[in-house]
Amino acid sequence: MPIMEHKSMAWRMSVNERKFIETALASDLRVDGRRPFDYRRLNIKFGREDGCSEVQLGETHVMAYVTSELVQPYRDRPNEGILAIFTDFSPMADPSFEAGRPGESAIELGRVIDRGLRESRAVDMESLCVVAGKLVWSIQVDLHIIDNGGNLVDAANVAALAALLTFQRPECTVGGDNGQDIIIHDPKVVEPLPLVIHHLPISVTFAFYNKGDIMVIDPTHKEESVMGGKMTATINSNGDVCAIQKAGGEGVMPSVVMQCIRIASVKAADITSKLKNAVEVYNTERALRKVKRHPSKMAHQVSVADITLEDKQVKDLPRHQAKMACQPYIGSSQDDEPKVDTRTSTNADGNSSGTHADAFVGGPSKWDPYPLRVGTSQVLGTLTVVKEEQVVSDDHRAVECSLDHTTTSSSGTVSVSDAMQKSNTSKSLKDAVKCLLEFFLPVTMDFWMTSVATEYWHFAVVKVIVLCAIRCLCQWLPSKLMKAL
Amino acid sequence: MNSMPSDSASMSFVDRVVVPGDHVLDLTGMANQTIKLGAGLRQDGDAISVMKAGKLRISKPNKYWVESSHKRYVPCVEDTVLGIVVDSKFDNFLVDIKAPMLGLLPVLAFEGGTRRNIPKFEIGTLLYVRVVKANNTMNPELSCMDETGKAAEFGPLKDGYMFETSTGLARMLLSSPPCPILEALGKSLSYEIAIGLNGRVWVNAASPSTVILVSNAIMNSEFLSAAQQKIMVEKLMKRLQ
């Protein structure tokens, strides 16, 4: 029958290692080449979501994850939020860790970090209150130990702080119908809020050897197996002592404890600066990711419209004006003045024609992306201008509306349009055709603009050519039709 | 997997990385020859197929095996390993050799060992032992003697420092001609070293700083080429002076 290993004796240390670590420490040498008060390399990384951090301290690897939810507050603290720390010592980190209920060291680690954050009032609890006595935010910090390379407390503390510094909770307001509802705003709609953290308590762990004579900072896994005692001091960069933990082990003199605290304050300042740098880098990167740019469709519409229309404005205007001149049906004395005005104004820019039209109609938008179209339709007077406004705003309904508008004047227009109406009823059919064509142009242009924006730019060339063709058609066809009719 | 039909084609697999499922040798053309298969190879009808990922090696004329590097150790007969004593029973010591099962070191497996002079090893003693029997169903059996019955450097190791590496690095350190890192370190420092094929290495020297330097240099040299190893040692020596 084969002899299997005892589970509890999964990792053994030889006598040689034990003795060597102690003799080397007597000469101020550590097995991995560090000096007694040197920290291992600290590496802080963040996940894609807010409040997720990963810290590597030499071989030790810890992950922290912060989540929030709305709960009822504790009865004795009705206007304070809740902070909870949960530790998970994964069995993959160390053969001595067992799945299931947290062991003694897991509970101790959670308690040390909790004391450092809560009792020093590092995290502001009162800002987490939503409705006093009824609803507060509960912040839960989950610490996962991935790899145990020694000194879990320090690594887990840095991970928890990094996660809390980058965590953002959704904004929530009290409102609604009865003024009592809590509305939690979507983070994409309303910017989420970071937690209010007053200071950063950093824990520094010391290991004692040789009956308290020798101490080292940041012990590795092997050094921890050989040490006589351990002490953790939690200090912030201002030098305030937030917590001290010395659970069992060898006794040390009070002078040694004071010396440790002095060293810890120096180390805490160093770690605080590293933590702040890492968080700043992450915050700028996150801000860059969140920068809202104009939707590309709108941007292209503006630019392409300018490019194509301005070119054609100059070319087509003389031809268009010539055609207008030789169309006797249009030439009513009333129209002449506005016609002349608009022509001159279209020569200048589209905006003035729009404003001129507004004198008659008072439409909502003053800027018309298709000034040329406004120019041509000015001939028909305010009627088409009104239709233009509608077309500009809503393409889908304009098809149906345009025909209606040619026959019935819009309510917005006043007596001027009525007069126009009377003079133009006889030519309503021709008007209708013209209006249709006038309308067809912007629709196609819109269609082509969007496709230019969303599809490949090299199709734009083809589309510009097509646009020119349609434009020529629209100018040329009505005259033909009128002649026919 | 496509099988390479000829023997000359199998030479193309030698010293190359192979993965489980590769057929490296076809036996149809080798009727009267004996081939010895080492770790990671298996006979699959008319072809030899690979079971472990690693490099295929050949030792003329007819020994083939697959070499790979792991953090675990699978015991093989005639391997020399470093073990830590876990317990002592009536007839054997229980020794941990980083294998799936504890090794058994018979109490009498020492040069001139009788029932009257059984050595006393405390728990945690480091031993340099030889694997005598290895089976995946039984605990491996160890011995502190060589085949002829002499001690031959086997036995407990005193002082010094022990660290653990992968089996690949241990094999590289044991290669002959000597590994460049050991040679380079030996030129300027004097130290004693014992390497176990289970990935455990023991280093001893006069001063602790030398021991620390040698052990860290070896741990960092696993993936360096020969030239890089020499350069690293030169830099370390310069920093010392």
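Residues numbered from 1 in each chain as written. Chains lettered and ligands numbered in written order. Predicted model: local features only at pLDDT ≥ 70, side-chain atom pairs only at ≥ 80, totals over all residues. Heavy atoms only, no water.

1. Things to note about the overall build of chain B
Point 1. From N to C terminus, chain B includes five helices and 16 strands.
Point 2. Taken across its 241 residues, chain B has 47% of its residues classed as buried.
Point 3. Long-range contacts, defined here as pairs at least 24 residues apart, represent 60% of the contacts in chain B between residues at least 6 apart.
Point 4. Of the roughly 12,900 Å² of accessible surface on chain B, a fraction of 54% belongs to carbon and sulfur atoms. (Helix = DSSP H or I, 4+ residues; strand = E, 2+ residues; numbered from the N terminus. Buried < 20%, exposed > 50% of the residue type's maximum accessible area, 1.4 Å probe, protein only. Contact = heavy atoms within 4.5 Å. Areas by Shrake-Rupley, 256 points an atom, 1.4 Å probe, with all protein chains shown as cover.)

2. What to know about the overall build of chain A
Point 1. Secondary structure assignment for chain A yields 14 helices and 14 strands.
Point 2. Each of the 485 residues in chain A was classed as buried or not, and the buried ones make up 47%.
Point 3. Across chain A, contacts joining residues at least 24 apart in sequence account for 70% of those joining residues at least 6 apart.
Point 4. As displayed, chain A offers around 24,900 Å² of accessible surface, 58% of which is attributable to carbon and sulfur atoms.

3. So, the sheet that holds strand E4 (residues 41–44) of chain B
Residues and elements named next belong to chain B.
Point 1. Strands sit in the order E2-E5-E4 across an open sheet of three strands; the sheet is antiparallel. Where the open sheet ends on each side, the last strands, each with one partner, are strand E2 (23–26) and E4. Each adjacent strand pair in this sheet contributes to an overall mean axis angle of 30 degrees, direction not counted.
Point 2. Across three bridges, E2 lies against strand E5 (residues 47–50) in antiparallel orientation. (Pairing = 2+ DSSP bridges. Axes fitted to C-alpha atoms, helices over the stretch in contact; angles between N-to-C directions.)

4. Some thoughts on the interface of chain A and chain B
Point 1. With 20 residues of chain A in contact, the opposing surface of chain B contributes 29 residues.
Point 2. The contact between chain A and chain B buries some 2,000 Å² in all, and 63% of this surface belongs to carbon and sulfur atoms.
Point 3. Residue Arg12 of chain A pairs with Asp96 of chain B through a salt bridge whose shortest N-O separation is 3.5 Å.
Point 4. Counting every contact that joins chain A to chain B gives five residue pairs in polar contact (both at pLDDT 80 or more).
Point 5. For the side of chain A that touches chain B, the residue count by class is ten nonpolar, four polar and six charged. (Buried area = accessible area lost by both parts, 1.4 Å probe. Salt bridge = Lys/Arg side-chain N within 4 Å of Asp/Glu carboxyl O. Polar contact = N/O pair within 3.5 Å; in protein donor to acceptor, adjacent residues only side chain to side chain. Nonpolar A, V, L, I, M, F, W, Y, C, P; charged D, E, K, R; others polar.)

5. Examining unusual backbone geometry
Point 1. With an omega dihedral of 0 degrees, the bond running from Lys60 of chain B to Pro61 of chain B counts as a cis peptide bond.
Point 2. Of note, Asn151 of chain A is a non-glycine position whose phi angle comes to about 60 degrees, a positive value.
Point 3. Mapping Asn151 of chain A onto the fold places it in the loop between strand E6 (135–147) and helix H3 (152–166).
Point 4. Even without a glycine there, the phi angle at Lys98 of chain B is positive, about 65 degrees.
Point 5. Tracing the sequence through the fold places Lys98 of chain B in the loop between strand E9 (92–96) and strand E10 (103–106).

6. Regarding the side chain of Asn139 of chain B
Residues and elements named next belong to chain B.
Point 1. Here Asn139 lies in the loop between strand E11 (126–133) and strand E12 (141–143).
Point 2. Exposure remark for Asn139: the relative accessible area of 9% places this residue in the buried category.
Point 3. Here the side chain of Asn139 touches Leu102 through a polar contact of 2.7 Å, landing on its backbone oxygen.

7. What about the sheet that holds strand E14 (residues 161–164) of chain B?
Residue and element names in this part refer to chain B.
Point 1. Here three strands make up an open sheet; going across it, the order is E14-E16-E15 and the pairing antiparallel. At either end of the open sheet lies a strand with only one pairing partner, and these are E14 and strand E15 (191–195). With direction set aside, neighbouring strand axes in the sheet form an average angle of 20 degrees.
Point 2. In this structure, E14 lies alongside strand E16 (residues 200–205), joined through four bridges in antiparallel fashion. Note on E16: the bridge partner recorded for Phe163 is Val201.

8. Some thoughts on the confidence of the model for chain B
Residues and elements named next belong to chain B.
Point 1. Residues at a pLDDT of 70 or more form 95% of chain B, whose mean pLDDT is 88.
Point 2. Counted against residues more than four places away or in other chains, residues 1–9, with its pLDDT under 50, gives 13 contacts.
Point 3. In the predicted assembly, ipTM is 0.86 and pTM is 0.69. (pLDDT = per-residue confidence, 0-100.)

9. Regarding the pattern of salt bridges
Point 1. Using the criterion set out here, one finds 24 salt bridges over all chains in the structure.
Point 2. One salt bridge connects Arg77 of chain A with Glu80 of chain A, and the closest N-O pair in it is separated by 4.0 Å.
Point 3. Relative accessible area serves as the criterion here: at 43%, Arg77 of chain A is assigned to the partly exposed category.
Point 4. Residue Glu147 of chain B is joined to Arg130 of chain B by a salt bridge in which the shortest nitrogen-to-oxygen separation is 3.9 Å. You can see Glu147 of chain B sitting in the loop between E12 and strand E13 (155–156) and its partner Arg130 of chain B sitting in strand E11, a full 17 residues away along the chain.
Point 5. Relative accessible area serves as the criterion here: at 59%, Glu147 of chain B is assigned to the exposed category.

10. Brief notes about the UniProt feature "domain: Exosome complex exonuclease Rrp40 N-terminal" (unreviewed entry) in chain B
Point 1. The UniProt feature table records "domain: Exosome complex exonuclease Rrp40 N-terminal" (unreviewed entry) at residues 35–72 of chain B.
Point 2. For residues 35–72 of chain B, helix accounts for 0% and strand for 55%, while the C-alpha atoms at its two ends are 28 Å apart. (UniProt positions renumbered as here; feature names shortened; annotations may be inferred.)

11. Brief notes about the environment of Asp146 of chain B
Residues and elements named next belong to chain B.
Point 1. With respect to the secondary-structure elements, Asp146 resides in the loop between E12 and E13.
Point 2. A sequence separation of 16 residues divides Asp146 from Arg130, and the C-alpha atoms of the two residues are 7.5 Å apart.
Point 3. In this view, Asp146 contacts Arg130, Ala152 and Phe154; residues no more than four positions away in its chain are not counted.
Point 4. Looking at Asp146, its side chain comes within polar contact range of the side chain of Thr148, at 2.9 Å.

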